[in-house]
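Spelled out from the first residue to the last, the chains are:
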Amino acid sequence: MQQDSQLTAGQQLIASRQLTANASPDAETVIIDTGCANLSSVRFAFERLGAKVLVTDDKAKIKAAKRVVLPGVGTAGAAMASLHEKGLVELIQGLTQPVLGVCLGMQMLAAISKERGGKGQDCECLGIIPTDISELDTELLKAEGLPLPHMGWNQLKLTTNSQGAKIPSVHPLFAGIEDGSYVYFVHSYRAPLSEFTLAECSYGEGFSAAIGKGNFMGVQFHPEKSAAVGAQILRNFLQMDELQMNEALMNEALRSNSADGQAGVNKADQ
């Protein structure tokens, strides 16, 4: 379960309408109105950087945006149910502009979440990034005397495209961010380390602090609560365009080709 302030359904609806009413009509950055309680904090974080932001669930405006943010707190099941109710699942899956998932929004980019929310089966997510979400290892946490949820400041270990790339570099979302920088986490579920990991963190175990695939990227931490480091990450996202997304895709291809080549070498040696 994602931990955050909870609002009643009526309060969320009122807050959502106020955010939409106060939004800039010429906004290039759209925050998808998922009905979650952290919409205002995410919006204000972008506005502090001078960005013109629109909070909406209007399909045409989301599709036309230069970049899109998918926020979320609460449970995966409730968040995905909201996206289905609003008819936004296929729309999000087909977006080609830069898309940033924040906290639960990152987890919704995955294939499956083990966060059942009292239901008898796992939650099917957007299936954009082929990884699964599961609870942090409670046995490891107990062994180290660490509480659940993981709440507070923790360090990032940035992942580079060193395999097959001429110049190793971090994902453009983390441009100018120093390895070991602190960001703010509040979560009980996580994405494992994988080829889609953009940044790592450790809390009882290593997990993905950020994941990405093509024009989609997500952060498990809250950049809107992460002071100067979080502001820089949001600023990097605001500067993203189709060129940077194409470069990210090229780097992914290089990593994939390098991994395939190494697999071929290993197989030949057997």
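About the criteria used
- Residues numbered from 1 in each chain as written.
- Predicted model: local features only at pLDDT ≥ 70, side-chain atom pairs only at ≥ 80, totals over all residues.
- Heavy atoms only, no water.
- Pairing = 2+ DSSP bridges.
- Helix = DSSP H or I, 4+ residues; strand = E, 2+ residues; numbered from the N terminus.
- Buried < 20%, exposed > 50% of the residue type's maximum accessible area, 1.4 Å probe, protein only.
- Polar contact = N/O pair within 3.5 Å; in protein donor to acceptor, adjacent residues only side chain to side chain.
- Contact = heavy atoms within 4.5 Å.
- Salt bridge = Lys/Arg side-chain N within 4 Å of Asp/Glu carboxyl O.
- Phe/Tyr/Trp six-rings, centres within 6.5 Å; stacked < 30°, edge-to-face > 60°.
- Expected span 1.5 Å × (residues − 1).
- Core = buried A, V, L, I, M, F, W, Y, C linked by side-chain atoms within 4.5 Å.

Q: Give me the lowdown on the sheet that holds strand β12 (residues 197–202), citing residues and values where you can.
A: Spatially, the eight strands line up as an open sheet ordered β2-β1-β3-β4-β14-β13-β12-β9, and their pairing is mixed. This sheet does not close on itself; its edge strands, each paired only once, are β2 (53–56) and β9 (157–158). Looking at chain direction, β12 and strand β13 (residues 206–213) are connected through five bridges and run antiparallel. Directly across from Thr197, in β13, lies its bridge partner Ile211.

Q: Could you give me a rundown of the side chain of Ser181, with the residues and numbers involved?
A: The residue Ser181 is located in the loop between β9 and β10 (182–187) in this model. Of the residues examined, Ser181 reaches a relative accessible area of 12% and is grouped as buried. Reaching out from Ser181, the side chain makes a polar contact with the backbone oxygen of Glu178 at a distance of 2.6 Å. The contacts of Ser181, once residues within four sequence positions are left out, are Asn154, Gln155, Leu156 and Val229.

Q: Describe the sheet that holds strand β5 (residues 112–113), listing the residues and the values that go with them.
A: Reading across from one edge, β6-β5-β7-β11 is the order of the four strands in this open sheet, with mixed pairing throughout. Strands with a single pairing partner mark the edges of an open sheet, and in this sheet they are β6 (123–124) and β11 (189–190). Examined bridge by bridge, strand β7 (residues 132–135) and β11 share two bridges and lie antiparallel to one another. The partner of Ser134 across the bridge, within β11, is Arg190.

Q: Lay out the pattern of salt bridges with the relevant residues and their values.
A: Counting across every chain of the model gives four salt bridges. Between Glu47 and Arg43 there is a salt bridge; the shortest N-O distance is 2.7 Å. Note that Glu47 and Arg43 are positioned in helix α2 (residues 39–47) at a spacing of four residues, about one turn of the helix. Judged by relative accessible area, Glu47 falls into the partly exposed class, the value being 30%. By relative accessible area, Arg43 is classed as buried at 6%.

Q: Would you mind going over the packing of aromatic side chains in detail, with residue names and values included?
A: In this description, an aromatic ring pair is defined by two values, namely the gap between the centres and the angle between the planes. This model, assessed by the stated rule, comprises four aromatic pairs. Taking 5.8 Å as the distance between ring centres and 85° as the angle between the ring planes, the aromatic pair formed by Phe185 and Phe207 counts as edge-to-face. One end of the pair, Phe185, is in strand β10; the other, Phe207, is in strand β13, and 22 residues separate them in sequence. On the basis of relative accessibility, which here comes to 0%, the residue Phe185 falls in the buried class. Given the relative accessible area of 0%, Phe207 is considered buried. Note on Phe185 and Phe221: the rings are 5.8 Å apart at their centroids and 70° apart in plane angle, and the pair reads as edge-to-face. Highlighted residues: Phe185 in strand β10 and Phe221 in the loop between β14 (216–219) and α8 (227–238), separated in sequence by 36 residues. With a relative accessible area of 0%, Phe221 lands in the buried category.

Q: Give me α8: which residues, what numbers.
A: Over its twelve residues, α8 extends 17 Å from the first C-alpha to the last, a length consistent with the 16 Å expected when each residue adds 1.5 Å. Taken together, the buried positions of α8 are Gly230, Ile233, Leu234, Asn236, Phe237 and Leu238. Buried residues along α8 sit against β1 (29–32), α2, β3 (67–70), β4 (99–102) and β14.

Q: Talk me through the pairing of β2; I want residue IDs and the actual numbers.
A: Side chains Val53 and Val55 of β2 all project onto a buried face; the interleaved residues Leu54 and Thr56 project onto the opposite face, where all are buried too. Examined bridge by bridge, β1 and β2 share four bridges and lie parallel to one another. In the sheet register, Thr29 faces β2, and the bridge partner there is Val53.

Q: Account for the nonpolar core, naming residues and giving values.
A: Phe46, Leu156, Leu173, Phe174 and Phe221 are the most contacted members of the largest nonpolar core, which has 36 residues in total. Elements represented by at least two residues in this core include exactly α2, β2, β4, β10, β12, β13, β14 and α8. The residues contacting Phe46, other than those within four sequence positions of it, are Ile31, Ala51, Val53, Val69, Leu234, Phe237 and Leu238. Ala76, Val89, Met106 and Phe196 belong to the second-largest nonpolar core, a separate cluster that totals 34 residues.

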